[in-house]
Amino acid sequence: MNTPPSPPGAERTDESAVQIGALVPLSRPGWVQAGQHLLAGLELAVREVNDAGGIAGRPLELVVRDTAADPEKAAAAVDELARLGVAALAGEYHSVVARAAAARADALGLPFLCSSAVLDALTEQPTEWVARLAPAQSHGWRIYADFLLSAGHTRIAVAAQSSVYWASGARILRDYLAPRGGTVIELDMGALAPTAVCDELVDNRATALLLLVGHPEPAVSIVKSVRHDERLAEILIGAPAGQPEFAEWATSLGDDGAAIPFLRYLPERLSPLGARVETALRERLTEAPSFVAFEGYDTVTVLAEVLRSHGADRARIAEAWPRVAVEGTRGQIQFSRTPGISVWQWAWTPIQVVDRDPAEPDRLRILHAG
């Protein structure tokens, strides 16, 4: 009997496999290095699950789609993956993109375990279908604000681009700092050239500048302008969104990129599981794994446990979120309903404020722990 040809775009897959759809930014304007780290973590965990016998004897398989930091592309990918029959969705790094994916997953009744996006309002309304590993932006950025206050910074400028994510971050900082004696000065990067930022910092007597902007531009140009302005030798540059986490930052900026504190979602000391996974990820990536790679690994670890205990039925997976208790690379993962958060939330992953040591930029210094 002749087998009919596969329709265009169809996946050739093992029919017995349990499939997970993976949303990852792998091309520009997405942060490609973040996507590569996220995918490395997802793939490593899938390999380990399959080496240990898979899901009740069935192999686990990733069906990867590149979101390219495009919300519309992500939503279309969710539609496609749902049609292909994936049991659940995993991944995504960019918050605005994850929000679009979560809305489609909720509408389609497709479980989505979001790995890395932090925007508090990941969905407009509370949903049972979406869970998240990354800490909510309000939680992490308040810890960052505590770090600023403890370091004596009360006049804080934010260089911000226009997006839901950056606007949310500026609002969290303003609302948290104002009652504690802090002032947030907003600099609109839609209207200011990087060199003009320096004059604004001097005029407003700011002691810290936070980068609420994309990488490489305008972040790299802003940092270079500030670092080379003698009037601003004492100013702290900060990046709560974590841009300096990736080697690409140091490559773009060299010495100028050091001593810029950022948020990192790792414990001060990894558990034996975390240390083993770190070694495997370093081998896979040929560089130090970021926290995003650990988020990818933990995502598949959680989904594999849910699939083993509850099967591949989508509704049963979503019903399992509140019963999850899984040992991840950064602690025990459990989901709960957290005030102000619309999805099932792990509350909370360990959080650090770190920077790159100017004397040794590959070394990260822990400045504050939340």
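Below you will find a few notes about this structure. (Residues numbered from 1 in each chain as written. Predicted model: local features only at pLDDT ≥ 70, side-chain atom pairs only at ≥ 80, totals over all residues. Heavy atoms only, no water.)

## Quick look at the sheet that holds strand β16 (residues 360-369)
Here is step 1 of the chain: Here we have three strands laid out as an open sheet, ordered β10-β15-β16, and antiparallel in their pairing. Pairing within the sheet leaves two strands with one partner each, and these edge strands are β10 (262-264) and β16. Within this sheet the neighbouring strands show an average axis-to-axis angle of 45°, counted without direction.
Here is step 2 of the chain: Pairing analysis gives three bridges linking β10 to strand β15 (residues 352-357), with the strands arranged antiparallel. Of the residues in β15, the one forming a bridge with L263 is V353.
Here is step 3 of the chain: Lying on the sheet, helix α4 (residues 137-150) is in contact with β10, β15 and β16; it crosses β16 at an angle near 90°. (Pairing = 2+ DSSP bridges. Helix = DSSP H or I, 4+ residues; strand = E, 2+ residues; numbered from the N terminus. Axes fitted to C-alpha atoms, helices over the stretch in contact; angles between N-to-C directions. Contact = heavy atoms within 4.5 Å.)

## What about the packing of α4 against helix α5 (residues 164-177)?
Here is step 1 of the chain: In contact at an axis separation of 9 Å, α4 and α5 are set at 50° when each is read in the N-to-C sense. On the basis of the axis angle, α4 is oblique to α5. When you trace α4 past α5, the crossing you get is right-handed. Contact residues: α4 offers Q137, S138, W141, R142, A145, D146 and L149, while α5 offers Y165, W166, S168, G169, A170, I172, L173, Y176 and L177.
Here is step 2 of the chain: Across the contact of α4 with α5, the residue classes break down as ten nonpolar, four polar and two charged. (Parallel < 35°, antiparallel > 145°, perpendicular 65-115°, else oblique. Left-handed = near helix turned anticlockwise from the far one by under 90°. Nonpolar A, V, L, I, M, F, W, Y, C, P; charged D, E, K, R; others polar.)

## Focus: the packing of helix α1 (residues 32-51) against helix α9 (residues 272-285)
Here is step 1 of the chain: Contact geometry of α1 with α9 gives a least axis separation of 10 Å together with a crossing angle of 120°. Considering their axes alone, α1 and α9 lie oblique with respect to each other. Pair α1 / α9 crosses with right-handed handedness. Residues Q36, H37, A40, G41, E43, L44, R47 and E48 of α1 touch α9, and the partners they reach there are R276, V277, A280, L281, R284 and L285.
Here is step 2 of the chain: Here the residues of the contact of α1 with α9 sort into six nonpolar, three polar and five charged.

## Re the layout of surface pockets
Here is step 1 of the chain: Looking at the largest pocket, its volume works out to about 660 Å³.
Here is step 2 of the chain: If you go around the largest pocket, you meet 30 residues; those closest to its centre are Y93, H94, Y165, W166 and G214.
Here is step 3 of the chain: For the lining of the largest pocket, the secondary-structure elements that each account for two or more residues are α3 (95-108) and α5.
Here is step 4 of the chain: Taken together, the residues of the lining of the largest pocket break down into 18 nonpolar, eleven polar and one charged.
Here is step 5 of the chain: Quantified by volume, the second largest pocket comes out at close to 510 Å³.
Here is step 6 of the chain: Of all elements in the fold, only α8 (247-253), α9, β15 and β16 reach the threshold of two or more residues within the lining of the second largest pocket. (1 Å grid on protein atoms, 1.4 Å probe; cavity = no way out; pocket = protein on both sides within 12 Å on 5 of 7 lines; lining within 4 Å. Points joined across faces, edges and corners; volume = space filled by probe spheres on them.)

## Thoughts on the packing of aromatic side chains
Here is step 1 of the chain: Under the counting rule described, the total for this entry stands at seven aromatic pairs.
Here is step 2 of the chain: Ring plane angle 65° and centroid distance 5.7 Å describe the contact between Y144 and F147, whose orientation is recorded as edge-to-face. Placement of the pair is Y144 and F147 together in helix α4, with a separation of three residues, close to one helical turn. Like F147, Y144 is buried.
Here is step 3 of the chain: Where W321 meets F335, the ring centres are 5.8 Å apart and the plane angle is 80°; that geometry is what we call edge-to-face. Residue W321 is located in the loop between α11 (314-320) and β11 (326-328), and its partner F335 is located in strand β13 (residues 335-336); the two are separated by 14 residues in the primary sequence. Across this residue pair, the class does not change: W321 and F335 are buried.
Here is step 4 of the chain: An aromatic cluster is present here, built from W31, Y93 and F246 joined pairwise through their rings.
Here is step 5 of the chain: R180 extends its terminal NZ or CZ atom over the ring of Y176, reaching a point 3.7 Å from the ring centre.
Here is step 6 of the chain: One residue, R337, lies across the ring of W344, its end atom 4.5 Å from the ring centre. (Phe/Tyr/Trp six-rings, centres within 6.5 Å; stacked < 30°, edge-to-face > 60°. Buried < 20%, exposed > 50% of the residue type's maximum accessible area, 1.4 Å probe, protein only. Lys NZ or Arg CZ within 6 Å of the ring centre and 35° of its normal.)

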